[in-house]
Amino acid sequence: MKRISLIYKINTVKKLVYYLYEEGSRARKVIGNFLSGFNGAIKTDGYNAYKMFEGETEENITRTGCMAHVRRKFLEALVSDERSRPFIEKISRLYWVEAEARIDKLQVPQVQKLRKEKSVPILGDLYSQIESLYHDKLRYSDLQRKAINYAYHEWKVVVRYIEN
């Protein structure tokens, strides 16, 4: 009964964050059981248990990643490596595109057009830098390497918002 009312609330409440722990665990089994029968998209961090929703599954669930988590890793790295700043600035530009869509109260087709025109080039540039540094990460601080590694491995799911 609790699960049904939660799903109802998820469908009617905006900006809901839900933390699921079952007997202190948020393991793959817990997540799989909870989302059994759910169809839709979930936005998650890079925790490995969520990666079961990235490939072909019996469930009709799409995992999307969170650009805020990518940004946070670069912010943490900024303390020890100033070279994180361009990444943070590019991600901030992506946030401005989304803010523009909300301020202008754009409809879905208009948001898609705006993202294609403004966000896709920023994302392309950002990924080129991430990919290049991922293969040459020995020159960076530990926190910078963590940020680059996280962004590289989460990229496919982080950019899924462009498709929707």
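Scroll up to find the structure this text is about.
Residues numbered from 1 in each chain as written. Predicted model: local features only at pLDDT ≥ 70, side-chain atom pairs only at ≥ 80, totals over all residues. Heavy atoms only, no water.

Visitor: Help me understand the packing of helix α3 (residues 67–78) against helix α4 (residues 85–103), please; the structure alone is not making it clear to me.
Guide: Helix-helix packing is described using two parameters, namely the angle between the two axes and the distance between the axes. In the contact formed by α3 and α4, the axes pass within 9 Å of each other and the chain directions differ by 150°. With respect to each other, α3 and α4 are oriented roughly antiparallel. Relative to α4, the crossing made by α3 is left-handed. Here M67, A68, V70, R71, F74, L75 and L78 of α3 come into contact with α4, specifically with R85, F87, I88, I91, S92, L94 and Y95. Of the residues assigned to the contact of α3 with α4, the class counts are 11 nonpolar, one polar and two charged. (Axes fitted to C-alpha atoms, helices over the stretch in contact; angles between N-to-C directions. Helix = DSSP H or I, 4+ residues; strand = E, 2+ residues; numbered from the N terminus. Parallel < 35°, antiparallel > 145°, perpendicular 65-115°, else oblique. Left-handed = near helix turned anticlockwise from the far one by under 90°. Contact = heavy atoms within 4.5 Å. Nonpolar A, V, L, I, M, F, W, Y, C, P; charged D, E, K, R; others polar.)

Visitor: Would you explain the side chain of K90 in this entry?
Guide: One can find K90 in helix α4. You can call K90 buried: its relative accessible area is 11%. Those residues in contact with K90 that sit more than four places away from it in its chain are I122, D125, L126 and Q129. (Buried < 20%, exposed > 50% of the residue type's maximum accessible area, 1.4 Å probe, protein only.)

Visitor: Where do I start with the pattern of salt bridges in this structure?
Guide: For side chains of opposite charge, pairing can occur when their charged atoms come near one another. According to the stated counting rule, one finds nine salt bridges in the structure shown. We note a salt bridge from E82 to R85, for which the minimum N-O separation is 2.4 Å. Note that K90 is salt-bridged to D125, the shortest N-O span being 3.2 Å. Here K90, found in helix α4, pairs with D125, found in helix α5 (residues 108–134); they are 35 residues apart in sequence, far enough to count as distant. Of the residues examined, D125 reaches a relative accessible area of 36% and is grouped as partly exposed. (Salt bridge = Lys/Arg side-chain N within 4 Å of Asp/Glu carboxyl O.)

Visitor: Just to check I follow, could you spell out the environment of Y150 for this structure?
Guide: If you trace the backbone, Y150 turns up in helix α6 (residues 142–158). Take Y150: its relative accessible area is 16%, and that puts it in the buried class. C-alpha of Y150 to C-alpha of D45: the two residues are 105 residues apart in sequence and 10.0 Å apart in space. Those residues in contact with Y150, other than ones at most four positions away along the chain, are D45, G46, H69, V70 and K73.

Visitor: Sorry, what's going on with the packing of α4 against α5 here?
Guide: The contact between α4 and α5 brings their axes to 10 Å, and the two run at 170°. Taken together, the axis directions place α4 and α5 in an arrangement best described as roughly antiparallel. In this structure, α4 uses F87, K90, I91, R93, L94, V97, E98, E100 and A101 to contact α5, whose residues at the interface are V111, L114, R115, K118, S119, I122, L123, D125, L126, Q129, I130 and L133. Considered class by class, the residues forming the contact of α4 with α5 number 12 nonpolar, two polar and seven charged.

Visitor: Is there a simple way to explain the nonpolar core in this structure?
Guide: As a rule of thumb, nonpolar side chains are buried together in soluble globular proteins. M67, V70, F74, L94, L123, L126 and W155 are the most contacted members of the largest nonpolar core, which has 23 residues in total. Elements supplying a minimum of two residues to this core: α3, α4, α5 and α6. Here M67 is in contact with I91, L94, Y95, L123, W155 and V158, once residues within four sequence places are set aside. Membership of the second largest hydrophobic core comes to nine residues, among which are I42, A49, F53 and I61. (Core = buried A, V, L, I, M, F, W, Y, C linked by side-chain atoms within 4.5 Å.)

Visitor: Which parts of the structure should I look at to understand α5?
Guide: Residues separated by three or four positions in an α-helix point in the same direction, a consequence of the helix having 3.6 residues per turn. With 27 residues, α5 extends only 34 Å from end C-alpha to end C-alpha; this falls clearly short of the ideal 39 Å at 1.5 Å per step. At S119, α5 is deflected by roughly 40°, the largest bend along its length, and proline P121 occurs up to four residues later in sequence. Those residues of α5 lying buried are V111, L114, R115, S119, I122, L123, L126, I130, L133 and Y134. (Expected span 1.5 Å × (residues − 1). Bend = angle between axes of the 7 residues up to and from the residue.)

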